[in-house]
Amino acid sequence: MENILAVLRTSSLFEGLADDEIESILKCLKAKIKDYDKGNQVLTSGNKIEEMGVLVKGSLLIVQEDFWGNRNLITVVETGGLFAESFGCSEGAALNVDVLAAEDSKVVWLDVYHLLTVCSSGCQYHNRIIHNLLSGIAMKNLQLTEKLMHLSQRTTREKLMSYLSAEYRKKGSSEFDIPFSRQELADYLSVERSALSTELGKLRDNGILSFKKNHFILHTH
């Protein structure tokens, strides 16, 4: 449990709470811990849920597929990240995404009903958790807006440069790691992997950037 608490301390959902307060909230929200092997389905499109998850080990892919099996990577959930909160809070709403374990993962599931209703034991930490939850949902809306900005670019090259520029602004450095493999980045930007690889090669050859796997360095002209 100590290892799980160490991760939960880093989660935006539990920001501002001490360990004993986190443990109290976990009991209040009927927390359950589940393990998922790499490649396994964590949540399935079309289902309805009443919980939200905090990832305490591994990483998850949130993906959306159309009728013909074309895959769109929405985002990657990293350790400490919260997911499925919007669906859990939207009573009766069915999932329109799948959540997959990108590696062996562990999730703490929290009951949304108990979060959104008055605690029978008079839990004093509810307001803080709800504040943190709303802040997290707002941040994800900003991230989706950013993704739409990338996708609105006309060419693969423009989408890629828009994404890398955004990462530069976030990290405050022209040298950074991205959380995607090459295929995942192609899925995220809704482009073909071959086209993405071609543009990366051209940008490298033109001295605009250099890279090794998911490590990038942007160069000024």
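Coordinates for the structure precede this section.
Residues numbered from 1 in each chain as written. Predicted model: local features only at pLDDT ≥ 70, side-chain atom pairs only at ≥ 80, totals over all residues. Heavy atoms only, no water.

Some thoughts on the side chain of D111
Quick note on the threshold: Runs of E in the DSSP output that reach at least two residues are strands. Runs of H or I that reach at least four are helices, and both are numbered from the N terminus. Accessibility here uses a 1.4 Å probe with only protein chains present; expressed as a share of the type maximum, an area under 20% marks a residue as buried, one over 50% as exposed, and anything in between as partly exposed. Positive charges are assigned to Lys and Arg, negative charges to Asp and Glu, while His and the chain termini are left out of the count. Each reported salt bridge corresponds to a side-chain nitrogen of Lys or Arg within 4 Å of a carboxyl oxygen of Asp or Glu. Any pair of residues with heavy atoms lying within 4.5 Å of one another is described as a contacting pair.
With respect to the secondary-structure elements, D111 resides in strand β8 (residues 105-111). This buried residue, D111, is left without a salt bridge; K32 holds the nearest opposite charge, at 7.1 Å. For D111, the contacting residues outside a window of four places in its chain are L29, K30, E50 and E51.

Things to note about unusual backbone geometry
Non-glycine residue S190 carries a positive phi angle of around 60 degrees. With respect to the helices, strands and loops of the structure, S190 is situated in the loop between α7 (182-189) and α8 (193-205). A relative accessible area of 42% means that S190 is categorised as partly exposed. Backbone geometry places K213, a non-glycine residue, at a positive phi of 55 degrees. Relative to the assigned elements, K213 resides in the loop between β10 (209-212) and β11 (215-218).

Structural notes on the sheet that holds β11
Consider a sheet: its strands pair through backbone hydrogen bonds, and that pairing is either parallel or antiparallel. Formally: A pair of strands is treated as paired once DSSP finds two or more bridges between them. Axis lines are fitted to C-alpha atoms, over the contacting stretch for helices. Their N-to-C directions set the angle, which ranges from 0 to 180 degrees.
Spatially, β9-β11-β10 is the arrangement adopted by the three strands of the open sheet, whose pairing is antiparallel. Edge strands, defined here as strands with exactly one partner in the open sheet, are β9 (175-177) and β10. Going across the sheet, the axis of each strand differs from the next one's by a mean of 20 degrees, ignoring polarity. In this sheet, β11 lies alongside β9 in antiparallel orientation, the contact comprising three bridges. Among the inter-strand pairings, E175 is bridged to a residue of β11, identified as I217.

Re the packing of aromatic side chains
Condition: Centres within 6.5 Å are what make two rings of Phe, Tyr or Trp a pair, Trp counting through its six-membered ring; a difference in plane orientation under 30 degrees is then read as stacked, over 60 as edge-to-face, and the rest as tilted.
For the coordinates displayed, the defined rule picks out five aromatic pairs. With 6.0 Å between their ring centres and 40 degrees between their planes, Y163 and F180 make a pair best called tilted. Of this pair, Y163 sits in helix α6 (residues 156-171) while F180 sits in the loop between β9 and α7, placing them 17 residues apart in sequence. The burial state of Y163 is the same as that of F180; both residues are buried. With a centroid separation of 5.6 Å and an interplanar angle of 65 degrees, the aromatic rings of Y163 and Y188 are classed as edge-to-face.

Here we look at the environment of S190
Along the primary structure S190 and I74 are separated by 116 residues, whereas in three dimensions their C-alpha atoms are 9.9 Å apart. The contacts of S190, once residues within four sequence positions are left out, are N72, L151 and K159.

Comments concerning the side chain of K147
Topologically, K147 is positioned in helix α5 (residues 126-151). Comment: no salt bridge for buried K147; closest opposite-charge side chain is D187, at 9.3 Å.

Examining the pairing of strand β5 (residues 71-78)
Two elements, strand β4 (residues 59-65) and β5, share seven bridges in a ladder whose sense is antiparallel. When the sheet's bridge partners are listed, S59 is paired in β5 with E78. Once β4 ends, the chain turns through five residues before running back antiparallel as β5, passing G69 with a positive phi of about 90 degrees.

Digging into α8
Test applied: The span expected for a helix works out to 1.5 Å for each residue beyond the first.
A rise of 1.5 Å per residue sets the reference length of α8, with its 13 residues, at 18 Å; its end C-alpha atoms lie 18 Å apart and thus fit the reference within 8%. Within α8 the residues assigned to the buried category are L196, E199, L200, G201 and L203. The inward-facing, buried residues of α8 contact α6, α7, β10 and β11. Taken from the residues just after α8, G207 is the one with a positive phi, measuring 75 degrees.

A closer look at the sheet that holds strand β3 (residues 51-57)
Strand order in this open sheet of four strands is β1-β8-β3-β6, and the pairing throughout is antiparallel. With partners counted over all chains shown, the strands left at the sheet margins are β1 (32-36) and β6 (82-83), one partner each. Two strands pair when backbone bridges link them, and β3 and β8 are joined in this way by six bridges, in the antiparallel orientation. Across the sheet, residue L55 finds its bridge partner in β8, namely V107.

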